[in-house]
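Remarks on the overall topology
The residues making up each chain are set out below.
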Amino acid sequence: MVALLGNPNCGKTALFNRLTGARQKVANYAGVTIERKEGSFTSPEGRAYRLLDLPGAYSLSAHTPDEAITRDVVAGKRAGESVPDVLVCVVNATNLRLNLRLVLEIKRLGLPMILALNMVDVARKRGIVIDEARLAQELGMPVVATVAVQAGGERALVQALDAMALTEKAAPKSLDVIDTVSVEETQREVRRILALACHEKDDRGNLSEKIDHIVLHPVLGPIILAVLMFCVFQAVFSWANVPMDLIKDGVDGVGSMVKNAMADGLLRSLLVEGILGGAGSVLVFLPQILILFFFILVLEDCGYLPRAAFLLDRLMGGVGLSGRAFIPLLSSFACAIPGIMAARTIQNPRDRLVTIMIAPLMTCSARLPVYALIIAAFIPEREVGGFVSLQGLVLFGLYVTGIVSAMLVAYFMKRSMGANHQQPLMLELPSYHWPHLQNLALGLWERCKIFITRVGTIILTLMVLLWFLSTFPGAPEGATHPPIYYSLAGILGRGLEYIFAPIGFNWQICIALVPGLAAREVAVGALGTVYALSQSGDELAQSLTPIIAASWTLPTALSLLAWYVFAPQCMSTLSVVRRETNSLRYPLLMAGYMFVLAYSASFITYRVALALAGG
């Protein structure tokens, strides 16, 4: 077992991807929601290695849950985790002054170690000359140069691992040895080593500072950030049309084949209306979700996201948050769960709690299928000003609404806690570099697998259950409504309609809200199943979009959009909040305040839309 560890932004995960490729297993450490990534590879000499990518850490004197996991695994204190045979400390060759502190702390544990000097190509461009032999002599461990983003950039490390293959496995010393040397003494030792092994010539290629003069400009910086975000949401609609049509045609084609090949009956109804009508309605939005993730991964890989956090620090400080909350909140655009988990990096407990409580207000990718369905049905596909998509503009507005509402909630929460003091933001800005295609491909592949797995497990299971509830007990003799109206789901939907009628929701929408509690995107599949069972004859061949366009009024559609900006419809998120806060109080508080916001926003939207429409 080989463990990779190092500071955040040192290129550790890129090196992990370079070594393992797609041979990775992603899970959580036992008892916590911190991601555990393990992979495998075989060296040219035929030796097989297991590789563990430990969470980023600045020190073994842990200040965050991620650092605590790294400390416990390295020291053999983590239940269910064996002590690594070799530790590979990955350091950023352009920032050794910061990175070597962790290396010296780990060295005191007495485990076999290799130092991987990553980003040496960037260091050379900056005129940084590192004497690898002298550095190895001073540290007392092998030192190898790596370039994780280049093919072959890992060869020297693999050779060093093969050379250490016969090294006897050592037991780590007690963690108490870390505190035998003060931080000041450790930093003095770092400066002494660098004076001997590292020299800086004239900077011949530091483009990052030149780019930052523009990107971090107090006026141009926020404008550039806003334009980037706007372009992302435009692309979500503009680029996804062709692949979405292909998936929709494929699902419809399979549905037609099944319908023509089977006799009318319960099994055909389950396959066509239940599974294909439900899960297929969600699967069609995969291209839009992948496009959103693509841009997030590109911005993260090129080093822009920490700059965005810096730019937003003053704005977020106005509501009592630190710019450090930006990364968790941005992660929440993909899914609130990793965003909530990323809040562990916020050391102030109140800032961390407020960030967790507002993370679900960020528009996660699970909302995207619902937004896309309603926007496509009710917002005309035309351009504003000759080049801006109206549908993309509406989507951008929904995202902005989520952000603004989150900032307002944060403001009131911080004031109610009596915490008005804003802590200064200390943030490491990595060098800019081109996104690495392999990292992007692996990241998108992981997201695609997660989404398809949800479609094939959670959503499929719920669609089958919903089909059963929507089919039985069946319509009585002489029924005047579709059979679903008399089913268990229909009875439940009509009961909930009394609660949701003031905000314009019909009984079909009410039915879809119930399985949507498991995951927001399930509501689209539920609507697909409900309306498939509500139609008859040729109407079954229609896709969901024209069906709801004909069945709902515009005020109802706008009300449902407003509902989904705030609705707490994700049990997984609430369970993670329970685990992260170690209290039942906060998930209940979250569900309560978000339900009140959702109902109030939908009520106002519906009533205003009715008044404007003359209804």
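In this convention, every chain numbers its residues from 1, walking through the sequence in written order. Selection of residues for local features in this predicted model requires a pLDDT of at least 70, selection of side-chain atom pairs for listing and counting requires 80 or more, and totals for whole chains, interfaces and linings are taken over all residues. Computation of side-chain values covers all heavy atoms of the structure but excludes hydrogens and water.

A short note on the pattern of salt bridges
For clarity, the cut-off: Every case where a carboxyl oxygen of Asp or Glu lies within 4 Å of a side-chain nitrogen of Lys or Arg is listed as a salt bridge. Helix and strand assignments follow DSSP, with helices taken as H or I runs no shorter than four residues and strands as E runs no shorter than two, numbered in order from the N terminus. Think of it in three bands: residues with accessible area under 20% of the maximum for their type are buried, residues over 50% are exposed, and the middle band is partly exposed, with areas taken using a 1.4 Å probe on protein chains only.
Tallying each qualifying case throughout the model produces 15 salt bridges. One salt bridge in this structure joins Asp-162 and Arg-47, with 3.9 Å as the shortest N-O distance. Of the two residues, Asp-162 sits in helix H6 (residues 155-163) while Arg-47 sits in the loop between strand E3 (35-42) and strand E4 (48-53), which places them 115 residues apart along the sequence. Residue classification places Asp-162 among the buried residues on the basis of a relative accessible area of 8%. With a closest N to O distance of 2.9 Å, Arg-192 and Glu-138 form a salt bridge. On the criterion of sequence distance, the pair formed by Arg-192 in helix H7 (residues 183-197) and Glu-138 in helix H5 (residues 132-139) is long-range, its members being 54 residues apart. Exposure remark for Glu-138: the relative accessible area of 17% places this residue in the buried category.

Topic: a nonpolar patch on the surface
The cut-off we apply is this: Patch membership is restricted to residues that have no salt bridge and whose relative accessible area is over 30%. Joining uses 9 Å for like charges and 5 Å for the nonpolar side chains Val, Leu, Ile, Met, Phe, Trp and Tyr. A 1.4 Å probe and the Shrake-Rupley method give the accessible areas. Residues count as covered only by the protein chains that appear here.
Residues Ile-214, Val-219, Leu-220, Ile-223 and Val-227 make up a contiguous nonpolar surface patch of about 440 Å² in total accessible area. Note that Val-219 resides in the loop between helix H8 (207-215) and helix H9 (220-238). The exposure class assigned to Val-219 is exposed, which follows from its relative accessible area of 51%.

Focus on the confidence of the model for the protein chain
Residues shown with low pLDDT carry predicted positions that ought not to be read at fine detail. Test applied: Every residue carries a pLDDT, the predictor's confidence in it, which falls somewhere between 0 and 100. Any two residues having at least one pair of non-hydrogen atoms within 4.5 Å are treated as being in contact.
Averaged over the protein chain, the pLDDT score is 82; the fraction of residues at 70 or greater is 90%. In the model of the protein chain, strand E2 (residues 24-28) stands out as the element of lowest mean pLDDT, 69, in contrast to helix H26 (residues 585-612), which has the highest, 93. Throughout residues 536-542 the model reports pLDDT below 50, and contacts reaching past four residues in sequence, or to other chains, amount to seven contacts.

A word on the pairing of strand E1 (residues 2-6)
Stated formally: Pairing between strands requires that DSSP locate at least two bridges from one strand to the other.
Most of E1 sits out of view: five of its five residues are buried. Both E1 and E4 contribute to a ladder of three bridges, which runs parallel. Looking across to E4, one finds that Val-2 is bridged to Leu-51. Summarising the sheet, E1 and strand E5 (residues 86-92) pair through five bridges and their orientation is parallel. Opposite Leu-4, over in E5, you have Val-88 as the bridge partner.

Things to note about the environment of Arg-71
Rule in force here: Counting of polar contacts relies on pairs of N or O atoms within 3.5 Å, with two restrictions inside protein: one atom must be capable of donating a hydrogen and the other of accepting it, and residues adjacent in sequence are counted only when both atoms are side-chain atoms.
Looking at the element boundaries, Arg-71 is found in helix H2 (residues 65-74). When the C-alpha atoms of Arg-71 and Ala-57 are compared, they prove to be 8.6 Å apart, with 14 residues separating the residues in sequence. Dropping the residues within four chain positions of it, Arg-71 is found in contact with Leu-60, Ala-62 and Leu-175. Of the polar contacts made by the side chain of Arg-71, one reaches the side chain of Asp-72; its length is 3.0 Å.

Points about the packing of aromatic side chains
Operational definition: Stacked, tilted and edge-to-face are the three classes assigned to paired rings of Phe, Tyr and Trp, where Trp is represented by its six-membered ring and a pair needs centres within 6.5 Å; plane angles under 30 degrees give stacked, over 60 edge-to-face, the rest tilted. By definition here, charges over rings are those cases where NZ of Lys or CZ of Arg is within 6 Å of the ring centre and within 35 degrees of the ring normal.
Applying the stated criterion across every chain yields a total of 13 aromatic pairs. For the ring pair Phe-294 and Phe-295, a centre distance of 5.5 Å and an interplane angle of 75 degrees mean the geometry is edge-to-face. Ring geometry for Trp-563 versus Phe-595: centroids 5.7 Å apart, planes at 90 degrees, classification edge-to-face. Here Trp-563 is found in helix H24 (residues 554-566), whereas its partner Phe-595 is found in helix H26, with 32 residues between them in sequence. Three or more aromatic residues joined by ring pairs make a cluster, and in this case those are Phe-500, Phe-505, Trp-563, Phe-595 and Tyr-599. Over the aromatic face of Tyr-432 sits the side chain of Arg-307, whose NZ or CZ is 4.1 Å from the ring centroid.

Here's the deal with the packing of helix H16 (residues 349-358) against helix H18 (residues 390-416)
Under the convention used in this document: Angular values range over 0 to 180 degrees, each being the angle between N-to-C directions of two axes fitted as lines to C-alpha atoms, with helices fitted over their stretch in contact. Each crossing is labelled by how the near helix is turned from the far one, with a counterclockwise turn of less than a right angle marking it left-handed and a clockwise turn marking it right-handed. Asp, Glu, Lys and Arg are counted as charged, while Ala, Val, Leu, Ile, Met, Phe, Trp, Tyr, Cys and Pro are counted as nonpolar; the rest, among them Gly, fall into the polar class.
At their nearest, the axes of H16 and H18 sit 10 Å apart, and the two run at 140 degrees to each other. Here H16 and H18 pass one another in a crossing that is right-handed. The residues of H18 that touch H16, namely those facing Arg-350, Asp-351, Val-354, Met-357 and Ile-358, are Ala-406, Met-407, Val-409, Ala-410, Met-413 and Lys-414. In terms of residue class, the contact of H16 with H18 is built from eight nonpolar, no polar and three charged.

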